[in-house]
Each structure stands twice: as C-alpha cells, then as structure tokens.
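Below are the chains, spelled out letter by letter.
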Amino acid sequence: MEVPVYLFTGFMDSGKTSLIRQTLIENDFGEGAKTLLIACEDGDEEYEEDALLKANTKLVMLEQEEDFTEETLQKLNDAYRPDQVFIEYNGTWEMGVFVDVKMPKGWVLVQSLATVDASTFEVYLANMRTIMMEQLFLSDVVIFNRCDDDTPKGKFRRTVKAKNRKAQIVYERSDGTVDENDMEELPYDLNADVIEISDMDYGIWYLDAMDDPRKYEGKKVRFLALVYRPEHKLKKGVFIPGRFAMTCCVDDITFIGFKCKSEQASQIPHKSWITITAEMKTEFAMEYKGKGPVLYALEVEEAEKPEDELVYFN
C-alpha cells in the first residue's frame, strides 16, 4: 500500500504550521485518514491536541537533524502504520538530509510545499540567500504569505523560478485571500520591430520566454551572447547563444541560453562573444525535453566581452 508523504518547508515563522493546520484540520484533508505528523521544529504556532485527535492525527517531534534517519522513520511507520504522512521540515536543516534519507517501504513523496513570509523574504535573501533558497528548490508550490500592495511579486517569482523552474507560485495576502495577479510590466518593448534585450534584462527575458514561449512567436530580438558550440555535441546548423547567470550565489552560476539555428553555425567559434539578431519560434526541441523557444539567426556580429560577464535575475 502506498503512503502519500506531504513535505512542508520554509524558514521558522514562515507559516508552515498554519498551513498544515488549515490543510489537515480545517479542510479535513484525507477525510479521517490515519495521519502521522512529523514536526522537525518547535515554532511559535502550536498544534492543539484536541484538534489533532479529532483529525485522527498523531504528532511526533524530531528536533535534532541527526534524528531524521531511515531508522527513525521506519520505527515511526511500524509504530503508527499511517495512511498518510505530513512532514514539517526544519527551516535550518539541509535539504540534502531529506533527499538522501531512505523512506520506509510504501512511502511516496507526492507533493512538496514551501511557505515564505513575503515581508521578510528580501532581508533573508540579502543575509542568508543560499540557506533560504535551499528550502525552495524541491517545492512543487511556493506560497508567499503576508503579501500586500507593495510586495514585488515579479521579483520574487523570478528569484524562485531561477532556482526551481517547475514551482507554482502563490501569493496570499494577510487576510488569507489569494492574489491571482503576479504580472509585471516587462522592461522592454514586446511590440518593437526588434526587441532590444539588455544585459540587465536578459534574465527576465529568459524566464519569461521559457515560461510562455508563444508570447514571443515571430518576434525579433537582439542581444549580446556568449556562444556555446562544442565540437561533436550539437547537430549541424545549431549553436547555443546565452549567458552565465548567478541564480543564487557564486556556487550556482550556470549557463542559460536558447537553441539557435543558423546555416553559418559552424563558422561561429565556441566561447566567442556575439551580438545576435534572431527570430523566435516555438518548437519541440530535445534540449528542452518538449516545446520551447527556438531562435533563427538573422544576423550575427562579433562583439567585445562585457565588463561583467554575468547576468542576474533580480
């Protein structure tokens, strides 16, 4: 029998306990199924024993990172034989501990949710970015709570998507309502004859084009790029213009680029700098493992290496 496991991550006081309480108790998730709730930190919010009993839930505290082991989880499984498992993960623990641990037979991670306090997110990013982002990279859903009219939703979305492309982003206001609008005005003219993509806007354009390639169907773009075209690794007539981007910290610098088709591809040196003008189309590409933006080069010019070779997502 499969036992669904639901993982809740996020910094302390980000709203994990409130979300679990709402899901498990108020919304009667599982409709009375025998639930094992493993709480790995003791925050300001607490679970009420009567409410847990009513929800057929057993709470177990694991306050030490070294206790989160295969042996411990197996003992809990043997003791409680749960129908479903909720794990409230400690916001200061390494996610690698969870990823590496072997779950009891039958336990299957079916969803991972992360909560973020929108009012403190920028402060955490500035002071402990790596630790903060580690809590989000595995999440299927990232919930920014305590949002208001001044919350920079577009910036937050880019920050998460740069690390975790698959994550669904939800913005929740202080009154509990969900803000469906996370659209922001793009910093370039989408209707221009040729869209000029600056170094500052490259990350925004990359994420937007990958998320919604049809928006750019038939559009012409021009940007500065580093060429990726190693011998024997790409098909004839294909190269990858892109940039190295810092997604989280120096250790997370990665090359992000687009598949580009050109009859002159073989003449463009690997690791050379170019200014490229291209038309964008949406096509199936093995590089994307599905449909995505494919560039068709219209003009390729040699260019000087920029003073700062990196681009950023904020």
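### Re the packing of helix 5 (residues 121-134) against helix 6 (residues 153-163)
Interhelical geometry of helix 5 versus helix 6 gives an angle of 10° and a closest axis separation of 13 Å. For the element pair helix 5 / helix 6, the angle class is roughly parallel. Facing F121, E122, L125, R129 and M133 of helix 5, the residues of helix 6 in contact are K155, F156, T159, V160 and K163. Here the contact of helix 5 with helix 6 is composed, by residue class, of 5 nonpolar, 1 polar and 4 charged.

### Some remarks on the layout of surface pockets
Here the largest pocket is characterised by a volume of approximately 490 Å³. Surrounding the largest pocket, 25 residues form its lining, L19, Q22, T115, I143 and E172 being those nearest its centre. The set of elements that each furnish at least two residues to the lining of the largest pocket consists of strand 1 (3-9), helix 1 (16-26), strand 5 (107-117), strand 6 (141-147) and strand 7 (168-173). In terms of residue count, helix 1 provides more of the lining of the largest pocket than any other element does, 6 residues in total. Tallied by class, residues from the lining of the largest pocket come to 10 nonpolar, 10 polar and 5 charged.

### Describing the nonpolar core
Counting 33 residues, the largest nonpolar core has Y202, W205, F223, F239, F258 and I276 as its most contacted members. The leading source of residues in this core is helix 7 (residues 202-211), at 6 residues. Those residues in contact with W205 that lie beyond four places of it in its chain are Y188, I197, Y216, V221, F223, F258 and M280. With 20 residues, the next largest nonpolar core counts V60, L62, V85 and F98 among its residues.

### Side note on the pattern of salt bridges
Side chains bearing opposite charge may pair, as long as their charged atoms lie close to each other. A full pass over the atoms with the stated rule returns 17 salt bridges. We note a salt bridge from K153 to D179, for which the minimum N-O separation is 3.5 Å. In this pair, K153 sits in helix 6 while D179 sits in strand 8 (residues 178-179), placing the two residues 26 residues apart along the sequence. No difference in accessibility class separates K153 from D179, as the two residues are buried. Counted as one network, the salt bridges with shared partners bring together D149, K153, R173 and D179.

### Structural notes on the sheet that holds strand 4 (residues 84-88)
Through backbone hydrogen bonds, the strands of a sheet pair up, either in parallel or in antiparallel fashion. Spatially, 3-2-4-1-5-6-7-8 is the arrangement adopted by the 8 strands of the open sheet, whose pairing is mixed. Either end of the sheet is taken by a strand with one partner, and the two such strands are strand 3 (57-61) and strand 8. In this sheet, strand 4 lies alongside strand 2 (residues 35-39) in parallel orientation, the contact comprising 5 bridges. Among the inter-strand pairings, A39 is bridged to a residue of strand 4, identified as E88. Relative to the sheet, helix 1 contacts strand 1, strand 2, strand 3, strand 4, strand 5 and strand 6, its axis offset from that of strand 4 by approximately 160°.

### Quick word on the environment of I240
In this fold, I240 is placed in strand 11 (residues 238-246). Its relative accessible area of 11% is what places I240 among the buried residues. Sequence-wise, I240 and C260 are 20 residues apart; in three dimensions their C-alpha atoms are separated by 5.7 Å.

### Considerations on the packing of aromatic side chains
Two aromatic rings are characterised by how far apart their centres lie and by the angle between their planes. Using the criterion set out here, one finds 21 aromatic pairs in the structure. Relative to F98, the ring of Y89 lies with its centre 6.0 Å away and its plane at 75°, an arrangement referred to as edge-to-face. Each member of the pair, Y89 as well as F98, carries the same accessibility label: buried. K281 extends its terminal NZ or CZ atom over the ring of Y296, reaching a point 4.7 Å from the ring centre.

Parameters at a glance
Residues numbered from 1 in each chain as written. Predicted model: local features only at pLDDT ≥ 70, side-chain atom pairs only at ≥ 80, totals over all residues. Heavy atoms only, no water. Axes fitted to C-alpha atoms, helices over the stretch in contact; angles between N-to-C directions. Helix = DSSP H or I, 4+ residues; strand = E, 2+ residues; numbered from the N terminus. Parallel < 35°, antiparallel > 145°, perpendicular 65-115°, else oblique. Contact = heavy atoms within 4.5 Å. Nonpolar A, V, L, I, M, F, W, Y, C, P; charged D, E, K, R; others polar. 1 Å grid on protein atoms, 1.4 Å probe; cavity = no way out; pocket = protein on both sides within 12 Å on 5 of 7 lines; lining within 4 Å. Points joined across faces, edges and corners; volume = space filled by probe spheres on them. Core = buried A, V, L, I, M, F, W, Y, C linked by side-chain atoms within 4.5 Å. Buried < 20%, exposed > 50% of the residue type's maximum accessible area, 1.4 Å probe, protein only. Salt bridge = Lys/Arg side-chain N within 4 Å of Asp/Glu carboxyl O. Pairing = 2+ DSSP bridges. Phe/Tyr/Trp six-rings, centres within 6.5 Å; stacked < 30°, edge-to-face > 60°. Lys NZ or Arg CZ within 6 Å of the ring centre and 35° of its normal.

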